[in-house]
Amino acid sequence: MGAVVGTLTMQTKSRRLSRDKADDDLEMTVVCHRPEGLDQMEAQTNFSKRELQVLYRGFKNECPSGVVSEETFKQIYSKFFPHGDASAYAHYLFNAFDTGHTGSIKFEDFVTALSILLRGSVTEKLQWTFNLYDINRDGYINKEEMTDIVRAIYDMMGKYTYPVLKTDAPKQHVDAFFQKMDKNRDGVVTLDEFILSCQEDENIMRSLQLFENVI
Amino acid sequence: MAAGVATWLPFARAAAVGWLPLAKKTMPKPPVDNTSRSDEILYVNVSGVRFQTWKNTLDRYPDTLLGSSEKEFFFNEDTQEYFFDRDPEMFRHILNFYRTGKLHYPRHECIQAFDEELAFYGIVPEIIGDCCMEEYRDRKKENQERLAEDTEANESTDAPLPPHSTPRERLWRAFENPHTSTMALVFYYVTGFFIAVSVIANVVETVPCRPPKGKVKDLPCGEKYDLAFFCMDTACVLIFTFEYLMRLFAAPSRCKFMRSVMSVIDVVAIMPYYIGLVMPENEDVSGAFVTLRVFRVFRIFKFSRHSQGLRILGYTLKSCASELGFLLFSLTMAIIIFATVMFYAEKGTASSTFTSIPASFWYTIVTMTTLGYGDMVPSTIAGKIFGSICSLSGVLVIALPVPVIVSNFSRIYHQNQRADKMRAQQRFRQAGWLRLANLTNESYFLDFTENCSVFQDRDSDSTALCVKNRSAFEHQHHHLLHCLEKTTNHEFTDEMNYSELCMTESVGFRTSRSTSLSSQQGAQNNSTGCCPRRVRRRAAMRLANSTVSVSRGSVQELDTLQFKTTTIPHQTRSSLNAQPDNLKLNCGEQDFTAAIISIPTPPANTPDESLPPSPAPIPGILRNTQATAYTHESFKISSL
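Residues numbered from 1 in each chain as written. Chains lettered and ligands numbered in written order. Predicted model: local features only at pLDDT ≥ 70, side-chain atom pairs only at ≥ 80, totals over all residues. Heavy atoms only, no water.

Engineer: Help me understand unusual backbone geometry in this model?
Structural biologist: Backbone geometry follows two general trends: most residues other than glycine have a negative phi, and most peptide bonds adopt the trans configuration. Residues and elements named next belong to chain B. Despite not being glycine, serine 47 shows a phi value in the positive range, around 50 degrees. Here serine 47 lies in the loop between β1 (41-46) and β2 (49-54). Among the residues examined, serine 47 registers a relative accessible area of 34% and is labelled partly exposed. Positive phi, close to 55 degrees, is recorded for threonine 370, a residue that is not glycine. Checked against the element boundaries, threonine 370 lands in the loop between α15 (357-368) and α16 (381-399). You can call threonine 370 exposed: its relative accessible area is 53%. (Helix = DSSP H or I, 4+ residues; strand = E, 2+ residues; numbered from the N terminus. Buried < 20%, exposed > 50% of the residue type's maximum accessible area, 1.4 Å probe, protein only.)

Right under this line is the structure:
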């Protein structure tokens, strides 16, 4: 009889434990982040109130909790580039957006970056791009960082490309890049070198303006 | 998730700024977005219930009524709102689909009404969310079965006879439906009576009667009164034969009739008598003849024409064939296992009844079905243990498939009940009551059934329902992919072309290629990079937004211009986008001009970079073909 009661109590105890754990999980996921006020954001970015409203509505619809994790980010990006593997590039992009290094993108980060990319000046855009390339944020882009970025970009193309992708294509691309950007041939590209070289390139300047009407 | 993808697209495009310093060539111009930038609230009035939503919300699904320009047809200028004369309750669910991206099926609603609303608003039912998909499918299947049965019942012979029917048709109808005429009813009862008589006679003739004077042993009545029984048997068989021949004559399709179950039963029921007549009074053969008489018991199955319950039982067993098969199979397995075990467990004992494994089969069956006759009993301890395991498992194995069979039986039985109710209702209708009702209602009912059947046809190719023009989203997405191509100086292709390229490259087109392609390739003529490091395969893309998924075959049908020379082939977007009218792309034309520039010996064509991106499809095609005509002669247009 005692054994029966004993087995019964054992059952309920384990159930209670699991229920507690489930409750904990529930609490963990209900994390909500609210952005700062609309007026503040309007002052800080180059968007109008209406545009911010439209942006936030879309953002909130997708992420009701108010934050985007890196996993979600990678998933979203892979939807746009289904042929290849967008996870590496998405990782770098995520770090570029997540200026505070919090591990998740909030609406403010989102809007700040968009504001620079779409409405910022040429210098700001180039600075943002430099930050993207400079993976370890030390102020210099060296060949390894650049190779990582370029390889990530090529990964997004996938396997089936024309012309057929050679194994050293990223390396060649990086060499060409350094040829153009590294003015003093010291093996790294600084922000000033970068901005100067880009401003000299007609193609880049022209292309920078193309993306203004994205929103 | 289409909404999700659409929301993030501007973000991904903005991030493309990061590719700019790396790109060798200029980025293509972005597609012009003619839609108004500002978001506005739309008012949708559905039968008086006013809904309001953002225009953006509705634009998420441009292949539906509300997302496309089709809704302008419903715009009411006076009230400045969109008016739909439909069910507002259902519309709630439809609108929620736009808002959340998931379509839910309301369980309390009629499945057909729901399907109709979906068809009206141009929403494909396949996008119902996983949470509701199963319920939806079950209800739909049930409804379709019901409709099929109803049409079958309609075609059944309850309706009044067509005016010009031959006697043969009338006879057949009389046989199939005894209620139609009194003669048929009389015949029906007479045959039923004689079946009963015949079965009872078969049973009674084996009962031992008192022996006649002079004999001691008990005689079965069949031998004592054998003349009487023979006369009765003859009469019954005569009637059965007559009935069978009549049915055969009246049957519209004799072959089909002869193959049907009931006719087989009829034949089996009367054959033994005739065989008995034909066969001589031989002692050796009479043994076999006795066996044949067993088949007379099949006459009892003739009752199934008279009893619906019996028919249902037979139909149930037929439809549960798989469960029965499983039951049989698992039982057989268990029997063999336990019989083997019991045999070897009891082998040692001296006077064991388990003489062989097949002999143990009997013990196993009796134990598993919990009969337990006791004629074979294990005596060793091991035998008793295994015996108890055997009986416990027997209960389980038999109990498992039985509920399935029971539920099947219950479903079919209820369906039959329903069929009877339907018939009763139809008779009521035909009696003229409903003709007093509104004529519009009746015609509406007829239209309703017609529409349902039409809708079912449409449902099978519902994917073809909602193909509209390319949306802004797709234009922008393609622009983004095009930017990536420009950055890396490679182009997207699909698997087939890729493998072809691999082959052509290795064969020896290196020289012509390398000189004219961009500096990326350089002067290297290496074919080692033919199949690069990445081994990951990607399936054909399916945009979350696109509602049409075209098979691989049709992708190949899309025009792919393949060049044996230097110009870059234009088959990029074909594998990505499922729509056949591919060349509307602005980007495509840009691509071509770039290609023309890179040819070493440019013909009369002047490189023209400032071509305006015109969205006209046909001129686009023409331009491409003209361009190719000017370039190298050996080009191959595959499957244009």
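Engineer: What is the right way to read the interface of chain A and chain B from this model?
Structural biologist: Interface size is often expressed as the accessible area that is lost when the parts come together. Contacts between the two partners involve 69 residues from chain A and, on the opposite side, 73 residues from chain B. Of the roughly 6700 Å² buried where chain A meets chain B, counting both sides, 66% is carbon and sulfur surface. Interface area lost by chain A to chain B is led by Phe80, Tyr160 and Tyr162 of chain A, which between them contribute 15%. The interface formed by chain A and chain B holds 5 residue pairs in polar contact (both at pLDDT 80 or more) in total. With 2 bridges connecting them, strand β4 (residues 161-162) of chain A and strand β7 (residues 491-492) of chain B associate as antiparallel partners. When the bridges of β7 of chain B are listed, threonine 161 of chain A appears paired with phenylalanine 492 of chain B. (Contact = heavy atoms within 4.5 Å. Buried area = accessible area lost by both parts, 1.4 Å probe. Polar contact = N/O pair within 3.5 Å; in protein donor to acceptor, adjacent residues only side chain to side chain. Pairing = 2+ DSSP bridges.)

Engineer: Even after reading the chapter, I still don't get the pattern of salt bridges, so can you show me in this structure?
Structural biologist: Working definition: two side chains of opposite charge can pair if their charged atoms are close together. Residue and element names in this part refer to chain B. On inspection of all chains with the given rule, the structure shows 20 salt bridges over all chains. Taking the shortest distance from any N to any O, the salt bridge between lysine 55 and aspartate 59 comes out at 3.2 Å. Pair noted here: lysine 55 and aspartate 59 are both in helix α2 (residues 55-59), with a separation of 4 residues, about one helical turn. Among the residues examined, lysine 55 registers a relative accessible area of 22% and is labelled partly exposed. Ionic contacts of the salt-bridge type, sharing partners, join the residues Glu243, Arg247, Asp266, Lys302 and Arg305 into one network. (Salt bridge = Lys/Arg side-chain N within 4 Å of Asp/Glu carboxyl O.)

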